[in-house]
Amino acid sequence: MKINHIWFLVVLTAFSSVACKNITDSTTTTTLPSVTTTTTTTLPSVTTTTTTTLPSVTTTTTTTLPSVTTTTTTTLPSVTTTTTMTATTTTTLAPTPVTYKAYGFDFSPYVDGQDPNKGSSLSIKQIQSRLKIIAPYTTNIRTFGCTNGLEKTGSMAHELGLKTAIGAWISSDSDVNELELSNLIALAKAGDADMLIVGSEVLLRGELTETQLIDYINRVKYLAPGIPVTYADTYSVLLSHPAVINAVDVVMVNYYPYWEGINIGKALSRIDTVHKQIVAAAGGKAVIASETGWPSDGNSIGNAIPSLANAVKYFSDFISWARKNNVDYYYFEAFDESWKASYEGPQGSHWGVWDKLGIIKSNMDQVFYQ
């Protein structure tokens with residue numbers, strides 16, 4: 001407080017040196033007729049430079065110094081000022097429209113904490129949000145089931161302009177099979193499916209006989225006329241079951257050089273070889289690659305090493321091969337799904353082009369701008 005009194009006396013003494021005959025109170029106002037005034041003030045630890053062009057401006061400056069408050073009012077008829085300012089701008093850019101859309105993706109919308117084998121139900125909101133992520137990048141989706149909410153996928157995909165290959169999950173459980181097939185046929189009649197898939201790799205898993213599977217296929221063909229009906233399995237299974245190839249309208253075949261332990265550099269050569277065998281066995285029917293992909297992480301199998309770099313390379317190489325050979329396909333898969341690790345090992349949860357949060361993996365997007 002003593003320092004404040006001394007500072008006040010200094011200021012008061014300075015102001016007293018100005019001769020002012022008419023003093024009415026403690027506020028002093030000085031009017032300067034067209035005077036250019038340059039004032040330099042040095043403040044403790046602060047340096048301020050302000051230049052402003054004002055035609056005739058009244059400026060009020062309040063400066064707070066340690067324990068001192070000073071208010072100065074000055075009327076300037078003409079002052080030249082220069083002001084330097086730095087601005088930071090944040091801009092959010094819309095995604096660049098792709099130049100190439102994938103033919104199709106295998107679509108399974110499960111997130112952490114969900115497992116179709118444990119009866120997890122999916123909401124419309126969840127399915128819709130996942131579909132909206134991939135819709136700008138493809139023209140088709142393929143699904144794997146018609147219960148627990150998955151049966152809603154077809155209509156929502158159509159609303160987004162996507163075509164749908166709707167799958168019924170077939171297993172050794174005949175009761176569940178009946179529900180799956182009933183819903184599949186209902187979706188076909190409602191116009192929510194452009195292709196019907198009666199099971200996926202059920203022969204590979206040994207859960208049905210060839211005769212049982214063909215009976216299911218024929219039933220769907222009879223009850224949903226006008227829509228192509230098919231079944232999906234690995235190329236080796238299909239080649240060993242020509243009766244199944246004869247029963248379907250379109251041949252859907254799965255190619256997985258990773259599971260065969262083939263080096264990434266020879267993967268497409270392998271696919272090209274076996275694809276020609278399937279085409280020959282199909283007898284003129286269209287052949288669609290229903291699943292193929294490469295995991296971005298997990299365990300190595302033989303010479304097949306899962307990594308992001310290999311997943312990116314395989315995705316790019318396969319798309320180039322498919323475009324060159326006019327092969328329709330559903331790439332496996334759209335999103336990483338954590339639940340698969342419990343059944344396939346750590347690589348099971350790393351097949352997606354997008355990660356489990358719906359973010360496209362690094363460099364995967366290059367394919368869409370070829």
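In the block above lies the structure referred to throughout.
Described below are features of the structure shown in this document. Note that the coordinates shown come from a computational prediction; the quantities given were computed from them, not determined experimentally.

What follows covers the overall build of the protein chain. Looking only at helices and strands, the protein chain features 10 helices and 9 strands. Put simply, the protein chain has 370 residues, and 40% of those count as buried. At a minimum sequence separation of 6, the contacts of the protein chain that also span at least 24 residues come to 66%.

Burial analysis of strand β6 (residues 195-200) places 6 of its 6 residues in the buried class, which makes it a mostly covered element. Looking at chain direction, strand β5 (residues 163-168) and β6 are connected through 4 bridges and run parallel. The residue bridging alanine 168 from the neighbouring strand is valine 198, located in β6. The β-α-β motif built from β5, the intervening helix α4 (residues 174-190) and the parallel element β6 has right-handed crossover chirality. Looking at chain direction, β6 and strand β7 (residues 229-234) are connected through 3 bridges and run parallel. Residue pairing for β7: serine 200 is matched across the bridge by alanine 232. For the crossover from β6 across helix α5 (residues 210-223) to β7, the handedness is right-handed.

Our next topic: the packing of aromatic side chains. Per the counting criterion, the structure on display carries 28 aromatic pairs. Where tyrosine 256 meets phenylalanine 332, the ring centres are 6.0 Å apart and the plane angle is 85°; that geometry is what we call edge-to-face. Of this pair, tyrosine 256 sits in the loop between β8 (251-254) and α8 (267-282) while phenylalanine 332 is found in the loop between α9 (308-325) and α10 (341-344), placing the two residues 76 residues apart along the sequence. Accessibility classification places tyrosine 256 together with phenylalanine 332 in one group, the buried group. An angle of 50° between the planes, with centres 6.1 Å apart, marks the rings of phenylalanine 318 and tyrosine 331 as tilted. With phenylalanine 318 in helix α9 and tyrosine 331 in the loop between α9 and α10, this pair connects stretches of sequence that are 13 residues apart. A relative accessible area of 0% means that phenylalanine 318 is categorised as buried.

It is worth spelling out empty space enclosed by the protein at this point. Taken as a whole, this structure holds 1 cavity of 30 Å³ or more when the rule is applied. There is about 30 Å³ of room inside the largest cavity. Forming the walls of the largest cavity are Tyr231, Leu238, Val244, Ile245, Val248, Val250, Val251 and Met252. Its residues assigned to classes, the lining of the largest cavity shows 8 nonpolar, no polar and no charged.

By the secondary structure assignment, glutamine 128 is in helix α2 (residues 124-134). Overall, glutamine 128 belongs to the partly exposed group, its relative accessible area being 29%. With 29 residues separating them in the primary sequence, glutamine 128 and alanine 157 have C-alpha atoms 8.0 Å apart. Sequence-distant contacts of glutamine 128, defined by excluding residues within four places in its chain, comprise Met156 and Glu159.

It is worth spelling out the layout of surface pockets at this point. Reported here for the second largest pocket is a volume of approximately 1000 Å³. In terms of lining residues, the second largest pocket is bounded by 37 residues, among which Phe144, Trp169, Ser200, Arg205 and Trp339 are the most central. At the level of secondary structure, the elements contributing two or more residues to the lining of the second largest pocket comprise α4, α6 (235-239) and α10. Of the residues in the lining of the second largest pocket, the class split is 18 nonpolar, 12 polar and 7 charged.

So, on to the pattern of salt bridges. Within this structure, the stated rule accounts for 12 salt bridges. One continuous salt-bridge network, built from bridges that share partners, spans Asp106, Arg142 and Glu291.

Let's shift gears to the side chain of glutamine 347. Examined against the element boundaries, glutamine 347 turns out to sit in the segment after α10. On the basis of relative accessible area, glutamine 347 is assigned to the buried category, the value being 4%. With residues up to four places along the chain from it excluded, the contact list for glutamine 347 reads Tyr258, Trp259, Pro295, Asp297, Gly298, Asn299 and Ile301.

Attention now moves to the pairing of strand β3 (residues 102-106). The side chains of a regular strand alternate between the sheet's two faces. Burial of β3 is extensive: 4 of the 5 residues sit out of reach of the surface. Looking at chain direction, β3 and strand β4 (residues 138-142) are connected through 4 bridges and run parallel. Bridging from a neighbouring strand, aspartate 106 pairs with arginine 142 of β4.

Mapped onto the elements of the fold, serine 182 is located in helix α4. A relative accessible area of 44% places serine 182 in the partly exposed class. Along the sequence, serine 182 and cysteine 146 sit 36 residues apart, while their C-alpha atoms lie 8.8 Å from each other.

Okay, the packing of α4 against α5 next. At their nearest, the axes of α4 and α5 sit 10 Å apart, and the two run at 25° to each other. By the angle between their axes, α4 is roughly parallel relative to α5. Judged by the sense of rotation from one axis to the other, the crossing of α4 with α5 is right-handed. Residue-level inspection shows Ser174, Asn177, Glu178, Leu181, Leu184, Ile185 and Lys189 of α4 in contact with α5, the latter providing Tyr216, Arg219, Val220 and Leu223.

Here we come to the sheet that holds β4. Pairing within the open sheet is parallel, and its 7 strands lie in the order β3-β4-β5-β6-β7-β8-β9. With one partner strand each, in any of the chains shown, β3 and β9 (287-291) form the two edges of the open sheet. If you compare each strand with its neighbour and ignore which way they point, the axes differ by 30° on average. Packing of α4 onto the sheet brings it into contact with β5 and β6, and relative to β5 it is tilted by some 160°.

Rules behind the numbers
- Residues numbered from 1 in each chain as written.
- Predicted model: local features only at pLDDT ≥ 70, side-chain atom pairs only at ≥ 80, totals over all residues.
- Heavy atoms only, no water.
- Helix = DSSP H or I, 4+ residues; strand = E, 2+ residues; numbered from the N terminus.
- Buried < 20%, exposed > 50% of the residue type's maximum accessible area, 1.4 Å probe, protein only.
- Contact = heavy atoms within 4.5 Å.
- Pairing = 2+ DSSP bridges.
- Right-handed = clockwise from strand over helix to strand, strands pointing away.
- Phe/Tyr/Trp six-rings, centres within 6.5 Å; stacked < 30°, edge-to-face > 60°.
- 1 Å grid on protein atoms, 1.4 Å probe; cavity = no way out; pocket = protein on both sides within 12 Å on 5 of 7 lines; lining within 4 Å.
- Points joined across faces, edges and corners; volume = space filled by probe spheres on them.
- Nonpolar A, V, L, I, M, F, W, Y, C, P; charged D, E, K, R; others polar.
- Salt bridge = Lys/Arg side-chain N within 4 Å of Asp/Glu carboxyl O.
- Axes fitted to C-alpha atoms, helices over the stretch in contact; angles between N-to-C directions.
- Parallel < 35°, antiparallel > 145°, perpendicular 65-115°, else oblique.
- Left-handed = near helix turned anticlockwise from the far one by under 90°.

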